[in-house]
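# Notes for the structure review
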Amino acid sequence: MVPTHGFFLLHVNLTRDKKDTGDARAFSFLQILELIPFLLHPPSMLFVENVVGFETSDTHAKLVEILEKTNFTTQEFILSPLQFGIPYSRPRYFCLAKRKPSSFGNKFLNCQLIQSPKPLFEPFNADAKEDDLPLEDRHNLLQSCQPIEKFLVLKNPSNDTDVEPAASTAGVSNDISSTSEEDNGHEYDSLDKYYVHPSLLERWGSAMDVVYPDSKRCCCFTKSYYRYVKGTGSLLATVQPMKRDKTSLKEQRLRYFTPREVANLHSFPEDFEFPEQISLRQRYALLGNSLSVSVVAPLLHYLFSEAL
């Protein structure tokens, strides 16, 4: 929570394991909500972020109830960087709240859950059911994204498949979770440390999300990325196969996205850097809990803009 001139930013993660209000992580959030009616100087604006699914939870119902009682107007969104031209699938729930008499630019969206970024940039058709986009429109949305190669830092110098990735040499553990913590921060010029070990390909290959430099989508990176490979984020093929399928994973020489590349997909600025003492594992964990700048920036701009 960051209070700034009457503005509260609440970043919560309560529903991933379905415990809802029984989750210990919800306790501090609920306490903050329950204190709002008793504040002498309550915030004038609130910005809440959570995982998709929060909007159907008991905690969400409590949030809406308290905000209504304390004279707040709310608008809610579920948005992903894909909708902003970024090839990164990371849908998140957002609640924007303003204390009356302040109001939103699109007042007819009050107390609604919107799954389109259009209200942030232009007048919005209240009758349009954007939540029910036809398949063709969803395809066009994906094709409007930039290719992943635009966000890469480390390039594969060649497609020489005779060069073995460092992870397959003797003495390297088969368990990615035992990767050394001594690499304090430097993203070296070499790709060696980012290659996926062949044993992991054999074990989890069928569950991996494999993408290519010209792909227009990659999956959400979690804080367990670089520790586990199942359901934690996409892996990049550094060698283009004749046929893109799971039968040639070893030949594709899969690697992890580097922390800087994940930061790029989060739309972090070019001058963003981690302190040198932050280990590689810690960098991935911090990025896995981060927000997308491409999504949050227009939401904040919309929140701080008054109705005309």
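Residues numbered from 1 in each chain as written. Predicted model: local features only at pLDDT ≥ 70, side-chain atom pairs only at ≥ 80, totals over all residues. Heavy atoms only, no water.

## Here we look at empty space enclosed by the protein
In this structure the tally under the stated criterion is one cavity of 30 Å³ or more. Its boundaries defined by the atoms lining it, the largest cavity holds a volume of some 40 Å³. Taken together, Leu 79, Arg 90, Arg 92, Phe 94, Ser 290, Leu 291, Ser 292 and Val 295 make up the lining of the largest cavity. Among the residues making up the lining of the largest cavity, the classes are represented as four nonpolar, two polar and two charged. (1 Å grid on protein atoms, 1.4 Å probe; cavity = no way out; pocket = protein on both sides within 12 Å on 5 of 7 lines; lining within 4 Å. Points joined across faces, edges and corners; volume = space filled by probe spheres on them. Nonpolar A, V, L, I, M, F, W, Y, C, P; charged D, E, K, R; others polar.)

## Describing helix H2 (residues 58-69)
Taking 1.5 Å per residue as the helical rise, H2 with its twelve residues ought to reach 16 Å, and the 17 Å between its terminal C-alpha atoms agrees with that figure. Looking at the residues trailing H2, positive phi occurs at Asn 71, about 70°. (Helix = DSSP H or I, 4+ residues; strand = E, 2+ residues; numbered from the N terminus. Expected span 1.5 Å × (residues − 1).)

## What about the pattern of salt bridges?
By the definition in use, this model includes five salt bridges. Where Arg 255 meets Glu 261, a salt bridge forms, and the shortest distance between an N and an O atom there is 3.0 Å. Relative accessible area serves as the criterion here: at 1%, Arg 255 is assigned to the buried category. (Salt bridge = Lys/Arg side-chain N within 4 Å of Asp/Glu carboxyl O. Buried < 20%, exposed > 50% of the residue type's maximum accessible area, 1.4 Å probe, protein only.)

## Here's the deal with helix H8 (residues 280-288)
Turning to H8, its buried residues are Leu 280, Arg 281, Arg 283, Tyr 284, Leu 287 and Gly 288. Relative to the axis of H8, the buried residues are bounded by an arc of 160° and lie together on one face. (Arc of directions from axis to C-beta.)

## With respect to the packing of helix H1 (residues 26-35) against H2
Between H1 and H2, whose axes approach to 10 Å, the crossing angle comes to 15°. Between H1 and H2, the angle is such that the two are roughly parallel. Crossing handedness for the pair H1 and H2: left-handed. Contact residues: Ala 26, Phe 29, Leu 30, Leu 33 and Glu 34 in H1; Thr 59, Lys 62, Leu 63 and Ile 66 in H2. Broken down by class, the residue content of the contact of H1 with H2 amounts to six nonpolar, one polar and two charged. (Axes fitted to C-alpha atoms, helices over the stretch in contact; angles between N-to-C directions. Parallel < 35°, antiparallel > 145°, perpendicular 65-115°, else oblique. Left-handed = near helix turned anticlockwise from the far one by under 90°. Contact = heavy atoms within 4.5 Å.)

## Here's the deal with the pairing of strand E2 (residues 45-51)
In terms of burial, E2 is largely enclosed, as seven of its seven residues are buried. Taken together, the seven bridges between E2 and strand E4 (residues 92-99) define a ladder with antiparallel strand orientation. Bridge assignment links Phe 47 to a residue of E4, and that residue is Leu 96. (Pairing = 2+ DSSP bridges.)

## Details of the environment of Gly 233
As for its position among the elements, Gly 233 is in the loop between strand E6 (210-211) and strand E7 (235-237). Beyond its immediate sequence surroundings of up to four residues, Gly 233 is in contact with Cys 219, Cys 220, Phe 221 and Tyr 225.

## Let's talk about the sheet that holds strand E8 (residues 254-255)
Spatially, three strands are ordered E6-E7-E8 in an open sheet, and the strand pairing comes out mixed. Among the strands making up the open sheet, the edge pair consists of E6 and E8. Alignment of E7 against E8, held across two bridges, turns out to be antiparallel. Bridging from a neighbouring strand, Leu 236 pairs with Arg 255 of E8.

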